[in-house]
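Structure assessment
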Amino acid sequence: MESTASQAAATTTDWGEKAWKLLASVRRESPLVQCITNYVSMDLMANTLLAAGASPAMLHSIDEIPDFTPCAHSLCVNIGTLSPSWLPAMKAAAALSSKLGKPWVLDPVAVGASSFRMKACLELVDFKPTVIRGNASEIIALSRASASTDSAKGVDSIHDSLDAIEAAKLLAQTSGSIVAVSGATDIVTDGKQVVGAHNGVAMMQTITATGCSVSALITAFVAVDKLHALDAAISALSIFGVAGELGMKMAKGPASLRMHLIDSLYGLDEAAVLSHVKITSLS
Ligand SMILES: Nc1ncnc2c1ncn2[C@@H]1O[C@H](COP(=O)(O)OP(=O)(O)O)[C@@H](O)[C@H]1O
Ligand SMILES: Cc1ncsc1CCOP(=O)(O)O
Ligand SMILES: [Mg+2]
C-alpha cells in the first residue's frame, strides 16, 4: 500500500514538472500559431494564446496559405462556423502542415450536427492531424464516422467525457492522431495509453469558446514538443483547467471567469503549476 501511494505521488509530481516545462517552453519560444477558426472563438482563442506566451495569427484566406502556413510553427483548424467557402483553405493549410511535418490540431465542433460537417471532418482527418480535440459527443460522433444527429446538442456535449474513452481510443487507432476529450475529466489517448487531467471548474462550460481555446493551447504546446503530442495535449488541458480553478476564486460568474481565467493563465508560476496539476493514468 505504502509503495503504491508513493508511486502515485511520484507520478503526479512528474506530470506537474512536465506541464511546467512545456508552459515555460511556450513562453520562451513564443510559437507562431495559425488559427483557422470560427467567428465566435477568434477573440478568446487569440487571447488565450497570448496569455500563454504564444503568438496567434487568425489567417484564413486560401490566398495566404502558401506564404504563411510554412512560417507558422503549428496550425489549429476549427470547424465551428463552417461554410463551403472556408473548407478549401482549411484543407490546404492542413495538407501543407502535414507535408512540412508541422503539428496541427483539429477541433471538430458539432461534427454530429450535419452530414456537411461530418464529411468535412472526415476529409480533414485524412490530412493526419497531430491531435483531434473535442467534447465527448463530438469524439463519439466522429469515431462512429456517421452523421447521426442524436449524439450532441449543437456545439455542447450531452455525454460525460469518461463515456467517450473507447470511442477516443478507436478514433486514435483509425486516424493515427492523438485524441483528446474535454470534460469534467479531460482524457487524452494514443489508442493504447489513456491519461486523464482532473482540473478545471464546471463553470468553464458556460463560457463560449473555452473548448476552442483549449484546442488552441494544445496547438501551442505541440508546437514546442511535436514528438510528444500526448504529453503536450494533456499538459495543455491541465494547465487551462488550473487557470480556470485559480480564476474561479476571483470570479462572480461566467463573464468575470472569462477575464480571470486569462489573467490566471498569464500569471501561472512554477509553484502553482506543481501544486495544482492533477494528471493520472487511466489505462
Ligand atoms: N464539468 C467540468 N468540470 C471542470 N472542467 C470542465 C467541465 N466541463 C468542461 N470543463 C473544461 O472546460 C473546457 C471546455 O471543455 P468543453 O466544455 O468540454 O468543450 P467544448 O466547449 O468544446 O464543448 C475544458 O478546459 C474542460 O476541461
Ligand atoms: C456557439 C458556437 N456556435 C458555432 S461555433 C461556437 C463556439 C463553440 O465553442 P466551444 O466549442 O469552445 O464551446
Ligand atoms: Mg467545442
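Residues numbered from 1 in each chain as written. Chains lettered and ligands numbered in written order. Predicted model: local features only at pLDDT ≥ 70, side-chain atom pairs only at ≥ 80, totals over all residues. Heavy atoms only, no water.

Named according to an unreviewed UniProt entry, the protein is Hydroxyethylthiazole kinase originating from Senna tora. In the Pathway (unreviewed entry) part of its UniProt record, the protein is described as follows: "Cofactor biosynthesis; thiamine diphosphate biosynthesis; 4-methyl-5-(2-phosphoethyl)-thiazole from 5-(2-hydroxyethyl)-4-methylthiazole: step 1/1." Quoted verbatim from the Catalytic activity (unreviewed entry) field of UniProt, the annotation for the protein is "5-(2-hydroxyethyl)-4-methylthiazole + ATP = 4-methyl-5-(2-phosphooxyethyl)-thiazole + ADP + H(+)". (UniProt positions renumbered as here; feature names shortened; annotations may be inferred.)

Quick look at the site of ligand 1 now. Surrounding ligand 1, one finds 16 residues, the nearest of these being Arg-133, Asn-135, Ser-182, Asp-186 and Gln-205. Here ligand 1 has 550 Å² of accessible area as a free molecule, and 87% of this is covered by the chains. Among the secondary structure elements, those contributing two or more residues to the shell around ligand 1 are strand 5 (131-135) and helix 8 (210-224). (Near = heavy atom within 4 Å. Areas by Shrake-Rupley, 256 points an atom, 1.4 Å probe, with all protein chains shown as cover. Helix = DSSP H or I, 4+ residues; strand = E, 2+ residues; numbered from the N terminus.)

Viewed as axis vectors pointing N to C, helix 9 (residues 229-248) and helix 10 (residues 254-267) meet at an angle of 120 degrees, and their least axial separation amounts to 8 Å. Between helix 9 and helix 10, the interaxial angle falls into the category oblique. Seen along the crossing, helix 9 lies across helix 10 with a hand that is right-handed. Together, Ile-239, Phe-240, Ala-243, Gly-244, Leu-246, Gly-247 and Met-248 of helix 9 and Leu-257, His-260, Leu-261, Ser-264 and Leu-265 of helix 10 make up the contact between the two elements. The residue makeup of the contact of helix 9 with helix 10, split by class, is eight nonpolar, four polar and no charged. (Axes fitted to C-alpha atoms, helices over the stretch in contact; angles between N-to-C directions. Parallel < 35°, antiparallel > 145°, perpendicular 65-115°, else oblique. Left-handed = near helix turned anticlockwise from the far one by under 90°. Contact = heavy atoms within 4.5 Å. Nonpolar A, V, L, I, M, F, W, Y, C, P; charged D, E, K, R; others polar.)

Moving on: helix 2 (residues 42-52). Given 3.6 residues per turn, any residue in an α-helix points the same way as the ones three and four places further on. Within helix 2 the residues assigned to the buried category are Leu-44, Met-45, Ala-46, Thr-48, Leu-49, Ala-51 and Ala-52. Positive backbone phi, approximately 100 degrees, marks Gly-53, located one or two places after helix 2. (Buried < 20%, exposed > 50% of the residue type's maximum accessible area, 1.4 Å probe, protein only.)

The next thing to look at is the pairing of strand 4 (residues 104-107). Alternating positions in strand 4 separate into two faces, Trp-104 and Leu-106 on one and Val-105 and Asp-107 on the other, with burial throughout. Since strand 3 (residues 74-78) and strand 4 lie parallel, the crossover through helix 4 (residues 87-99) that links them has a hand, and here it is right-handed. Of the strand pairs in this sheet, strand 4 and strand 5 are connected by two bridges, and their pairing is parallel. Bridge pairing in strand 5 places Val-105 opposite Val-131. What joins strand 4 to strand 5 is helix 5 (residues 115-125), and the crossover it makes is right-handed. (Right-handed = clockwise from strand over helix to strand, strands pointing away. Pairing = 2+ DSSP bridges.)

Turning next to the nonpolar core. Val-131, Val-188, Phe-221, Ile-239 and Leu-268 are the most contacted members of the largest nonpolar core, which totals 56 residues. A per-element tally of this core places helix 9 first, with 12 residues. Apart from the residues lying within four places of it in its own chain, the contact partners of Ile-239 are Ala-19, Leu-23, Leu-217, Phe-221, Leu-265, Leu-268 and Val-273. Listed in part, the 39 residues of the second largest apolar core include Ile-65, Ala-110, Val-111 and Ala-136. (Core = buried A, V, L, I, M, F, W, Y, C linked by side-chain atoms within 4.5 Å.)

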